[in-house]
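The residues making up each chain are set out below.
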Amino acid sequence: MVVTNSLTGGGAERSMNLACNELTRRGWPVALVPINSGPSDQVTPSCEVFPLERKWRGSWLGTFVAMRRFHLVVKMWKPDVIVLNCDLPELFGATLLSHHNLVVIEHVDRPWITRIMFGRIIRRLLRLRQSKWATVSSHLAIWPDSRNADAILPNSILLSRTTTFKAPPMLQTGHVRRLIFIGRLAPQKRPDWLIEIGEKTSLVVEVIGEGSMRKAMESAATTRSVDVNFRGRISDPWNIFKDGDLLIVPSEYEGDGLVVIEGMHQEIPMLLADIPDFRRFKLPEEHYCKDVGDFIYSINRFKEDISSLKVPKEVTSQILASRTLETVGDAWEEFLYSI
């Protein structure tokens, strides 16, 4: 049984949908339990799904009701292993009264960032329950005491080409025309950098995603007269890309960096924050920017030559080799057999 925040919403949810489908294809009985209500994902689960229909950012009463439903689902389905994917599922797993094999998936090096003390308590409870711990990348350790993980279970991505952003050759001018941000509108992702970058470069900004910073960003864009389109959550964001679009990823910290990996697969030009989580990809130096000023400088430098900001294919192929459904499915099977 895999417990996630919701059916869709980010890389952690999408990757677990893919893992559930691959394990189901291989004959494993799988149940997916999304806690929050919300729209369907581009990847439709082929396993059993038990939505708990909690309202996102709702009341404690709503959380308690969803938790009660979760306990009933576990009692009815009787899973051998329960996979807890992100903070809220960890809370639900820690409250189970019966004994189960619990697996906690670490996606970032700063989980529970807004509730650190509460997160420490939940993690302590999960350790007392002898949970297994897995990370999605070898560069991550288990918070809060930096322990080594029991397994590394990489996130898989959809490796089929879905985007239609490439223009016919006669229309490919090589100019940067729009700046694209994809991700949660949360402090970790630093989406507000796009407002200043758009202002200083006089380029249109497309913001794909939802989060707590949206209203403040909308206000800032209006005040500073920046042309920003807030598109909300899109199930397949790569389909909006056109010739001349540049992906901007200004995160303060990341876990696996799935937006970057999927962007590489789609052969989209990109600029990334100069942080250790992205340095591990070992991209050419021109892809990294230390601050807002650095992003602005690089955009102006390559404004007439956007193709230079595509990741070289030899780099991309090495990174994507470990993200196929077959490879990730093998890693999951080996881990599950071990417990």
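Enquirer: Help me understand the pattern of salt bridges in this model?
Expert: Where charged atoms from two side chains of opposite charge approach closely, those side chains can pair. For the structure on display, the rule yields 26 salt bridges. As a salt-bridge pair, Arg110 and Glu252 come within 3.6 Å of each other at their nearest N and O atoms. With Arg110 in the loop between strand E5 (101-106) and helix H4 (116-128) and Glu252 in the loop between strand E11 (245-249) and helix H7 (258-265), this pair connects stretches of sequence that are 142 residues apart. Here Arg110 falls in the partly exposed class, since its relative accessible area comes to 33%. On the accessibility criterion, Glu252 (37% relative accessible area) is partly exposed.

Enquirer: What is the right way to look at the side chain of Asp256 in this model?
Expert: Tracing the sequence through the fold places Asp256 in the loop between E11 and H7. The buried category is assigned to Asp256, whose relative accessible area is 4%. Here Asn155 takes part through its side chain, which lies 3.0 Å from a polar atom of the side chain of Asp256. Within polar-contact distance, the side chain of Asp256 engages the side chain of Arg323 at 2.5 Å. Filtering out sequence-adjacent residues up to four positions away, Asp256 remains in contact with His107, Val136, Ser137, Asn155, Ile261, Arg280, Phe281 and Arg323.

Enquirer: Sorry, what's going on with the packing of helix H3 (residues 87-94) against H4 here?
Expert: Packed helices, taken two at a time, are described by the angle their axes make and the gap between the axes. At a minimum axis distance of 9 Å, the contact between H3 and H4 shows a crossing angle of 50°. Overall, the two elements H3 and H4 adopt an arrangement that is oblique. The hand of the H3/H4 crossing is left-handed. From H3, Glu90, Leu91, Gly93 and Ala94 reach across to H4, where they touch Phe118, Ile122, Arg123, Leu125 and Leu126. Class assignment for the residues of the contact of H3 with H4 results in six nonpolar, one polar and two charged.

Enquirer: Teacher, can you tell me more about the sheet that holds strand E6 (residues 132-135) here?
Expert: Sheet strands line up and pair through hydrogen bonds in the backbone, either parallel or antiparallel. The seven strands lie next to each other as E3-E2-E1-E4-E5-E6-E7, forming an open sheet whose pairing is parallel. Every interior strand has two partners, whereas the edge strands, strand E3 (48-49) and strand E7 (151-152), have only one. Where E5 lies against E6, four bridges are found, and the strand directions are parallel. Bridge pairing in E6 links Val104 to Trp133.

Enquirer: Even after reading the chapter, I still don't get the packing of helix H2 (residues 60-77) against H3, so can you show me in this structure?
Expert: Their axes nearest at 10 Å, the elements H2 and H3 cross at an angle of 60°. Of the possible angle classes, the one that applies to H2 and H3 is oblique. Handedness of the crossing formed by H2 with H3: right-handed. For the pair H2 and H3, contact is made by Thr63, Ala66, Met67, Phe70 and His71 and by Leu91, Phe92 and Gly93, respectively.

Enquirer: So what exactly am I meant to see when it comes to the packing of aromatic side chains here?
Expert: Remark: the centre distance and the inter-plane angle together describe each pair of aromatic rings, the angle taken between the planes. If you walk through the whole model with that rule in mind, you get six aromatic pairs. Ring centres of Trp28 and Tyr337 lie 5.2 Å apart, and the angle between their planes is 55°; on these two criteria the pair is classed as tilted. Placement of the pair is Trp28 in the loop between helix H1 (11-25) and strand E2 (31-34) and Tyr337 in helix H11 (residues 325-338), with a sequence separation of 309 residues. With relative accessibility at 62%, the residue Tyr337 sits in the exposed group.

Enquirer: Which parts of the structure should I look at to understand the environment of Ile121?
Expert: Among the structural elements, Ile121 can be located in helix H4. Linking Ile121 and Ala94, residues 27 residues apart in sequence, is a C-alpha distance of 9.7 Å.

Enquirer: Hey, could you run me through the sheet that holds strand E10 (residues 228-232) in this one?
Expert: One open sheet accounts for six strands, arranged E10-E9-E8-E11-E12-E13; its pairing is parallel. Looking at strand neighbours, the two that pair on one side only are E10 and strand E13 (288-289), the edges of this open sheet. Strand direction decides the pairing type here: strand E9 (residues 204-208) and E10, joined by four bridges, are parallel. By the bridge assignment, Ile208 is partnered in E10 with Gly232. Contacts between helix H6 (residues 214-223) and the sheet are confined to E9 and E10, with E10 contributing the most and set at about 160° to the helix. With respect to the sheet, H7 is in contact with strand E8 (178-182), E11 and strand E12 (270-273), its orientation differing from that of E12 by roughly 160°.

Enquirer: Help me out: how do you make sense of the pairing of E5 in this one?
Expert: Within E5, five of the six residues are buried, leaving the element largely enclosed by the surrounding structure. Inspection of the sheet shows strand E4 (residues 81-85) paired to E5 by five bridges, in the parallel sense. Its bridge partner being in E5, Asn85 is matched across the sheet by Ile105. In this fold, the crossover linking E4 to E5 by way of H3 has right-handed handedness. The handedness of the E5 to E6 crossover, carried by H4, is right-handed.

Here is what the cut-offs are and how they apply
- Residues numbered from 1 in each chain as written.
- Predicted model: local features only at pLDDT ≥ 70, side-chain atom pairs only at ≥ 80, totals over all residues.
- Heavy atoms only, no water.
- Salt bridge = Lys/Arg side-chain N within 4 Å of Asp/Glu carboxyl O.
- Helix = DSSP H or I, 4+ residues; strand = E, 2+ residues; numbered from the N terminus.
- Buried < 20%, exposed > 50% of the residue type's maximum accessible area, 1.4 Å probe, protein only.
- Polar contact = N/O pair within 3.5 Å; in protein donor to acceptor, adjacent residues only side chain to side chain.
- Contact = heavy atoms within 4.5 Å.
- Axes fitted to C-alpha atoms, helices over the stretch in contact; angles between N-to-C directions.
- Parallel < 35°, antiparallel > 145°, perpendicular 65-115°, else oblique.
- Left-handed = near helix turned anticlockwise from the far one by under 90°.
- Nonpolar A, V, L, I, M, F, W, Y, C, P; charged D, E, K, R; others polar.
- Pairing = 2+ DSSP bridges.
- Phe/Tyr/Trp six-rings, centres within 6.5 Å; stacked < 30°, edge-to-face > 60°.
- Right-handed = clockwise from strand over helix to strand, strands pointing away.

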